[in-house]
Amino acid sequence: MQYEIQALNERVERESQFVPLLQKSIQRAIIGQRYLVDRLLIGILCDGHVLIEGVPGLAKTLSVKTLAASVDTTFRRIQFTPDLLPADLVGTEVYNPRDHSFTAKKGPIFANFILADEINRAPAKVQSALLECMQERQVTIGDKTYPLEFPFLVLATQNPIEQEGTYPLPEAQVDRFMLKLKVTYPAREEEKQIMEMVTGGDMPTIDPVINPAVLKTAQQTVREIYMDEKVKNYILDVVFATRDPEAFKLPIKHLIAYGGSPRATIFLAQSARAHAFLRGRGYVTPDDVKAVGYDVLRHRVIVTYEAEAEGLDSEAVLKQIFDSIEVP
């Protein structure tokens, strides 16, 4: 076993050499926001969609655009609005009067990286069309189904401070996002660097540093990173504590309406492996699980009205769980 882990460590070290290059490329345009950049990398390493929440002006859109530019793939930015139609997203069939036939005109969803900007501004029909793309990696136009090329990632942003003209995302769709990130303001020194770079008018050009083949190899390596049975049980304890806290002697049952789904368990294991990969390790530690735990679970643990009345959100509940569950 020790030999296998050593071999995995060497393999991870060899195949993660592109990570510093990718980080350096992104940091040419993004000052700070290390947390956001790391989690976006975890998303692409796990082939999982990412939902980014934060007030305007925190470089959410720029981060996604820069990441997409650093990978040799196609990129589309879709601005979600209340009058958006499913056809504006996936495409439609166009009638050709010359030969009396219909041909499919593909929409902007046919790209590798999709930036769904302000995703919560679009109505239910658009969300439904997007849901098929996210879950099945395919698009249905008329009576034909078209597969989406690898990689296909939806990186969505939403603004938490506006309520007018927004539609809360259905829980089923939110659960399809592997990670939900909460982006905060930059530090003072970082904001000074941002001001100097933007007002100086010297925005850098981002060139691709990796291709999809490198990414696919890295994803395979991430899936093979070693996870001990104790760490697997720790993940299960955390997720099951969100469903039945009384079994873990946690007095928070009245605060939780719904716990994490089985996707929470799967995504927590996958993202913990990716976190270890980014750190150059071929094995997962409980610290990897804790590092990504909030990002995987904050949108899957639904709190009760009683919790909201007490000013508690899902993160406050998760903190109690992580503080109480015994770490192996």
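Every residue gets a number counted from 1 within its own chain, in the order that chain's sequence is written. The predicted nature of this model means local features are confined to residues of pLDDT at least 70 and side-chain atom pairs, given and counted, to a pLDDT of 80 or more, with totals for whole chains, interfaces and linings taken over all residues. The side-chain quantities take in all heavy atoms of the structure and omit both hydrogens and water.

Enquirer: Can you lay out the overall build of the protein chain for me, pointing to particular residues and giving the numbers?
Expert: To qualify as a helix, a DSSP run of H or I must reach at least 4 residues; to qualify as a strand, a run of E must reach at least 2; elements of each kind are numbered from the N terminus. Helix and strand counts for the protein chain come out as 14 helices and 11 strands. Over its C-alpha atoms, taken along the principal directions, the protein chain stretches across nearly 70 × 50 × 45 Å. Considering the protein chain as a whole, with its 328 residues, one finds that 48% of them fall into the buried category. Taken as a whole, the protein chain presents about 16,500 Å² of accessible surface, with 52% of it coming from carbon and sulfur. Positive charges come from Lys and Arg, negative ones from Asp and Glu, while His and the chain ends are left out of the count. By convention, charge coordinates are those of NZ in Lys, CZ in Arg, CG in Asp, or CD in Glu. For the protein chain, the distance from the average site of its 37 positive side-chain charges to the average site of its 44 negative ones is 3 Å. The classification of residues rests on relative accessible area computed with a 1.4 Å probe and restricted to protein chains. Under 20% of the type maximum is buried, over 50% is exposed, and intermediate values are partly exposed. For the area figures, the Shrake-Rupley method with a 1.4 Å probe applies, and any residue is considered shielded solely by the protein chains shown.

Enquirer: Could you give me a rundown of the nonpolar core, with the residues and numbers involved?
Expert: What we call a nonpolar core is a set of buried Ala, Val, Leu, Ile, Met, Phe, Trp, Tyr and Cys residues that are connected through their side-chain atoms within 4.5 Å. Among the nonpolar cores identified, the biggest contains 68 residues, and Leu22, Leu67 and Phe277 are the most heavily contacted of them. Sort the elements by how many residues they give to this core and helix α11 (residues 262-278) lands first, with 9 residues. Contact definition: two residues touch when any of their heavy atoms are within 4.5 Å. Leaving out residues up to four positions away in the same chain, Leu67 has contacts with Leu22, Ile26, Leu40, Leu41, Ile44, Phe113 and Leu155. If you look at the next biggest cluster of nonpolar residues, it comprises 27 residues, including Val126, Ala129, Ile141 and Ala156.

Function cannot be inferred from these measures alone, as they are strictly geometric.
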